Amino acid sequence: MLKEKFAEYFKEVIYGGIDGIVTTFAVVSGAAGASLASDTTSQIIFFSVLLFGLANLCADAASMGLGNFLSVRSEKDLYNVERKKELSLLRTQPEQEVVDTIRIMQQKGFSEVDATTLAGIYRNNEQYWLDFMMTHEQELADPRSENEIFTGLATFFSFMVFGAIPLLPFMLQTTGDPATAFMYSSLGTFGALVTLGLLKWRVVGANFLASLFEVVAVGGTAAILAYFVGTFFAL
């Protein structure tokens with residue numbers, strides 16, 4: 001039951017987790033790539049990473065969560081509007097909708113006789129016919145079962161949890177040495193990406209190595225790019 005519930009919001013966990021890791025590590029690796037030239041500069045960079053990293057983490061997590069909430073809400077609103085239009089057509093222009101239903105079924109490989117028979121059966125069940133037309137004529141997936149609140153929260157918390165990992169060495173280290181903090185941050189980031197890859201493998205049931213490699217490669221590539229962008233601003 002718990003696994004099924006987790007799987008329901010798995011997309012948001014992966015989406016928020018990878019984005020949280022990459023965007024937060026971008027702050028860390030960008031500063032590291034800018035070079036730690038002197039002790040004074042090192043201290044400035046250390047606290048800048050901590051300050052901007054935390055600000056980025058909170059702001060982006062809220063933005064991602066709210067964005068996902070609004071995305072699902074808008075998708076549901078659009079679907080409901082189109083569903084009302086389609087229902088009106090089924091009731092006011094049933095003969096034309098039967099013709100459309102037959103055409104759709106023939107495109108999917110049914111003979112004209114079978115398509116006509118099925119269209120007649122569908123006509124006797126308005127809701128099933130409406131579902132069929134929404135899926136195959138309007139080509140809209142039904143989002144009404146999605147909970148936009150839980151979807152937004154799943155994205156927010158996933159972003160916060162995984163996004164905090166690259167910052168933990170900067171929050172926990174007492175020496176203020178950015179080079180050491182960056183090393184642990186890189187290891188933590190790699191571990192977080194591996195964890196997401198394992199989650200994907202466990203929930204989706206895909207190939208173990210493929211799941212692991214895909215997540216680590218995508219997140220790692222983004223992190224490496226951020227590091228090299230930072231080198232252009234070397235002090």
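See the structure shown above.
Computed from a predicted structure; not experimentally measured.

Cut-offs used in this document
- Residues numbered from 1 in each chain as written.
- Predicted model: local features only at pLDDT ≥ 70, side-chain atom pairs only at ≥ 80, totals over all residues.
- Heavy atoms only, no water.
- Helix = DSSP H or I, 4+ residues; strand = E, 2+ residues; numbered from the N terminus.
- Contact = heavy atoms within 4.5 Å.
- Areas by Shrake-Rupley, 256 points an atom, 1.4 Å probe, with all protein chains shown as cover.
- Core = buried A, V, L, I, M, F, W, Y, C linked by side-chain atoms within 4.5 Å.
- Buried < 20%, exposed > 50% of the residue type's maximum accessible area, 1.4 Å probe, protein only.
- Salt bridge = Lys/Arg side-chain N within 4 Å of Asp/Glu carboxyl O.

Undergrad: Go over the overall build of the protein chain, please, and point to the residues and values.
TA: Helix and strand counts for the protein chain stand at 10 helices and 0 strands. Element order for the protein chain, N to C, with α for helix and β for strand: α-α-α-α-α-α-α-α-α-α. The contacts of the protein chain with a sequence gap of at least 6 include a subset with a gap of at least 24, amounting to 77%. Carbon and sulfur atoms make up 66% of the accessible area of the protein chain, which totals about 13,200 Å².

Undergrad: Which residues make up the nonpolar core, and what values do they have?
TA: Counting residues in each nonpolar core, the largest one holds 15 residues, and the members touching the most others are Trp129, Phe132 and Met133. Breaking this core down by element, the ones donating at least two residues are helix 3 (39–92), helix 4 (94–107), helix 5 (112–123) and helix 6 (126–136). Here the element with the most residues in this core is helix 6; it accounts for 5 residues. For Phe132, the residues in contact, after removing those within four places along its chain, are Thr101, Ile104, Met105, Tyr122 and Glu137.

Undergrad: Break down the pattern of salt bridges for me, citing the residues and quoting the values.
TA: Per the counting criterion, the structure on display carries 8 salt bridges. Put simply, Lys85 and Glu82 hold a salt bridge, and the shortest N to O gap is 3.7 Å. Of this pair, Lys85 and Glu82 both sit in helix 3, 3 residues apart, which is roughly one turn of that helix. Judged by its relative accessible area of 47%, Lys85 falls in the partly exposed class. Taking the relative accessible area as the measure of exposure, Glu82 reaches 18% and is therefore buried. The closest approach of N and O atoms between Glu126 and Arg91, which form a salt bridge, is 2.9 Å. Here the residue Glu126 occupies a position in helix 6, and Arg91 occupies one in helix 3, the gap between them amounting to 35 residues. Classification of Glu126 as partly exposed rests on a relative accessible area of 30%.

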